[in-house]
Amino acid sequence: MKKNKITLAALLALLSATVSAQTAAVATPKIDSGDTAWMIVAIAFVLLMSIPGLALFYGGLVRRKNVLNVFMQVFILVAVISIEWVVLGYSNAFSSNSIEALKPYIGGFDWAFLSNIGISDLSPYFISHSQPAADGTLIGTIPHIVFIMFQCMFAVITPALIIGAFAERINFKGFLIFSLLWSIFIYNPVAHWVWSGDGWLFKLGALDFAGGTVVHINAGVAAIVTAIMLGKRRDYKGHAIPAHNITYVVMGAGLLWVGWFGFNAGSGLAADGLAANALMVTHIAAAAAALTWALLDWFLDKRPTVVGISTGAVAGLVAITPAAGFVGIAGALIIGAVVSLICFFMVAYVKPKLGYDDSLDAFGVHGIGGIIGAVLTGVLATPAIQAYAGAVYGNFHQLWVQLIAVGATIIFSGVGTFVLFIITDKLVGLRVTDKHEAVGLDETQHGETAYTNFD
Amino acid sequence: MKKIEAIIRKSKFEDVKRALYDAGIEWFSYWDITGLGKSTEDQVVRGQVFKSGYIQRRMVSIVVRDLNLDKTINAILDSAWTGETGDGKLFVYDIENTYRIRTKESGPEALYNKDESTKN
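Predicted model only: the values in this text are computed from it and were never measured. (Residues numbered from 1 in each chain as written. Chains lettered and ligands numbered in written order. Predicted model: local features only at pLDDT ≥ 70, side-chain atom pairs only at ≥ 80, totals over all residues.)

Chemist: Sorry, what's going on with the overall build of chain B here?
Modeler: Across its full length, chain B holds two helices and four strands. Counting from the amino terminus, chain B carries its helices and strands in the arrangement β-α-β-β-α-β. Scaling as 2.2 N^0.38, a compact globule of 120 residues should have a C-alpha radius of gyration of about 14 Å, whereas chain B reaches 17 Å, well beyond that. For the C-alpha atoms alone, the extent of chain B along its principal axes is close to 55 × 25 × 20 Å. Buried positions account for 19% of the 120 residues belonging to chain B. Summarising the internal contacts of chain B: among those between residues at least 6 apart in sequence, 72% fall at separations of at least 24. (Helix = DSSP H or I, 4+ residues; strand = E, 2+ residues; numbered from the N terminus. Rg over C-alpha atoms; globule rule 2.2 N^0.38 Å. Buried ≥ 20, exposed ≤ 12 C-beta atoms within 10 Å, placed from the backbone. Contact = placed C-beta atoms within 7 Å.)

In structure tokens:
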């Protein structure tokens, strides 16, 4: 008995010696609680952008008979796309495809239903904070699940942005099917191109910190295609239809601005100086864009408008999105001012001239703002932030790469949206009847009214 | 001169508006009203169907010259009709006088504009 015990003790001693030797060679990768805490907050911020931020922003801009329909569209996308994301979206966007030829274009199904992902797994994706894993590869400092949920919020808000183009005239069933198909066949591949380690635009060196191409150009181009294909609203006479509740528009724009701190400063996937810089340039670009729009209103139409300053702030936030991790304060000021100038020109002059009915300017603000942001990232990226230089620092190659990324997204999103629109229209029909459009979508699609005279 | 006040279904408002335009009635006021009555409406709240006695309708108010009275009434009666309970009511009042504030004209002339298309 005694002998046995001694042998056991010796064995244990030997074992613990081996283990400590291994620990010395490779430190066990650890979850960084600071990074993780910030990222969980950032996830909540980005959800806040969709509900109620975007819902209020868009809901206030439509007529009172359609406000619930807009709220409902945003709300149901939060539910449907979140489920799509864990079922296959995350896997298609961020996993590695086993078919070699498809690797640069779309992910596989390894992570479908988030299988093979444990609660203590660390994120394989990282920006500034990383550590060596047991096998020597670099991994991030936040749980993999946190990264998945952060990206989930991006997947949710992107199709919700398109609502602005077809608001007030789309059949709810058709809208839902179209948005789901769009997320699966357009959003997931483009996210894979730009953000996954295998993606062809990522490998090309395209810079998109928080989703200028993946989110805003992608949604903006889909917006103009759907707006044109669906046709004008019955009451559209070449100018905007008045917003029914501008206080909602202000609340929505304010919540979008707050939420955008999570969207951009969270995209560094760490709580560090890069996140701080992203937050600062986001804030300053939004301020510059809001002010520019208000001044344009003031000079050109005599008075600064509340809808104008709210729209300007959103345009600035859109444009700084791809640049937030690459530009400094000068870049933020330039991007903010330029985006408002061009978007104002687009929605005030070009849209009425061309005569398409982009109800709430999803293309004019998100599409155009996203393109300006992505291109200016290639111009203004400064090596002082991350090791990327833009054209002003002599690196014209970066500008060229940005143009390729913008062009590829426009073509893919444009053609893809066109095809999915036709399929959905054939399946269930996308436009409501003229009668239903006149009565309002709240009553006809949902059987509810937003504002009653009940006691 | 007569005033016509009609309580109609909200869902029929667009039809009534078009019928009035077709009949040459080009200006009128309207507002949303809530009424109480014996009839009830089904309303769904959180999956439960309520019989609500608060009935949402729209009130249309039109002042016309006597010669336009019949076609205005017929336009509303035809366009607001569904045949179900709750199609609404229509009231006709006498109007003592009408003044146009801009020109200080009074009487039936104040209701329409000879040069333009306002025909009430």
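Chemist: Looking at this structure, I do not really get the overall build of chain A. What am I missing?
Modeler: Across its full length, chain A carries 15 helices and two strands. Dimensions along the principal axes, computed over C-alpha positions, put chain A at roughly 95 × 50 × 50 Å. Here chain A holds 455 residues, and the buried ones make up 52% of them. The contacts of chain A with a sequence gap of at least 6 include a subset with a gap of at least 24, amounting to 76%.

Chemist: What is the right way to look at the confidence of the model for chain B in this model?
Modeler: When pLDDT drops low, the exact placement of atoms in the prediction is not to be read closely. Overall, the predicted model of chain B reaches an average pLDDT of 88, with 97% of residues at or above 70. For this predicted complex, the interface confidence comes out at an ipTM of 0.76, alongside a pTM of 0.88. (pLDDT = per-residue confidence, 0-100.)

Chemist: Please explain the interface of chain A and chain B as it appears in this structure.
Modeler: Interfaces are frequently sized by the accessible area removed from exposure as the parts join. Taken together, the contact between chain A and chain B spans eight residues of the former and seven residues of the latter. Tallied by class, residues from the side of chain A that touches chain B come to three nonpolar, four polar and one charged. (Nonpolar A, V, L, I, M, F, W, Y, C, P; charged D, E, K, R; others polar.)

Chemist: Hey, could you run me through the sheet that holds strand β2 (residues 29–45) of chain B in this one?
Modeler: The strands making up a sheet associate through backbone hydrogen bonding, with each pair oriented either parallel or antiparallel. Residues and elements named next belong to chain B. Across the sheet, which stays open at both edges, the four strands sit in the order β2-β3-β1-β4 with antiparallel pairing between neighbours. The two strands at the open ends of the sheet, each matched to only one other strand, are β2 and β4 (89–94). Neighbour to neighbour, the strand axes of the sheet diverge by 20° on average, direction disregarded. Relative to strand β3 (residues 48–64), β2 runs antiparallel, the two sharing 13 bridges. Looking at β3, one finds that Val44 is bridged to Val49. In the packing of helix α2 (residues 69–79) onto the sheet, the strands contacted are β1 (2–8), β3 and β4, and the crossing angle to β1 comes to about 0°. (Pairing = 2+ DSSP bridges. Axes fitted to C-alpha atoms, helices over the stretch in contact; angles between N-to-C directions.)

Chemist: For this particular structure, what's the right way to read the pairing of β2 of chain B?
Modeler: It is a general feature of regular strands that their side chains alternate between the two faces of the sheet. When you tally the buried positions in β2 of chain B, you get zero out of 17 residues, a small fraction of the element. Hairpin remark: β2 of chain B followed by β3 of chain B, antiparallel, with two residues in the connecting loop; positive phi at Arg46 of chain B, about 50°.

Chemist: Would you mind showing me how to read the packing of helix α8 (residues 246–265) of chain A against helix α10 (residues 306–320) of chain A here?
Modeler: Residue and element names in this part refer to chain A. Where α8 meets α10, the closest approach of the two axes is 9 Å, and the angle between their N-to-C directions is 15°. By the angle class used here, α8 and α10 are roughly parallel. Crossing of α8 over α10 shows left-handed handedness. Taking contact as the criterion, the partners of Ile246, Val249, Val250, Ala253, Leu256, Trp257, Trp260 and Asn264 in α8 are, on α10, Val306, Val307, Ser310, Ala313, Val314, Leu317 and Ile320. Its residues placed into classes, the contact of α8 with α10 shows 13 nonpolar, two polar and no charged. (Parallel < 35°, antiparallel > 145°, perpendicular 65-115°, else oblique. Left-handed = near helix turned anticlockwise from the far one by under 90°.)

Chemist: Can you help me understand the environment of Lys65 of chain A in this one?
Modeler: Tracing the backbone shows Lys65 of chain A in the loop between α2 (33–61) and α3 (67–94). Remark: the alpha-carbon pair of Lys65 of chain A and Leu333 of chain A, spanning 268 residues in sequence, is separated by 39 Å.

Chemist: I tried to follow the nonpolar core on my own but got confused; where do I start?
Modeler: Considering soluble globular proteins, one finds that nonpolar side chains tend to be buried as a cluster. In terms of nonpolar packing, the biggest core is built from 140 residues, with Tyr58, Ile157, Ala223, Leu256 and Ala285 of chain A touching the most fellow members. Per-element accounting of this core gives the leading share, 17 residues, to helix α4 (residues 144–166) of chain A. Residues within four places of Ala285 of chain A in sequence aside, it is in contact with Gly316, Ala319, Ile320, Ala332, Ile335 and Gly336 of chain A. Within the second largest apolar cluster, 15 residues are counted, among which are Val16, Leu20, Val64 and Ala75 of chain B. (Core = buried A, V, L, I, M, F, W, Y, C linked by C-beta atoms within 7 Å.)

Chemist: Explain the environment of Asp357 of chain A to me, please; I cannot follow it from the model alone.
Modeler: Residues and elements named next belong to chain A. Locating Asp357 in the fold gives a position in the loop between α11 (329–354) and α12 (362–380). Note: C-alpha distance between Asp357 and Gly60 (297 residues apart in sequence) is 18 Å. Not counting residues up to four positions away in its chain, the partners in contact with Asp357 are Ala227, Lys232, Arg233 and Tyr236.

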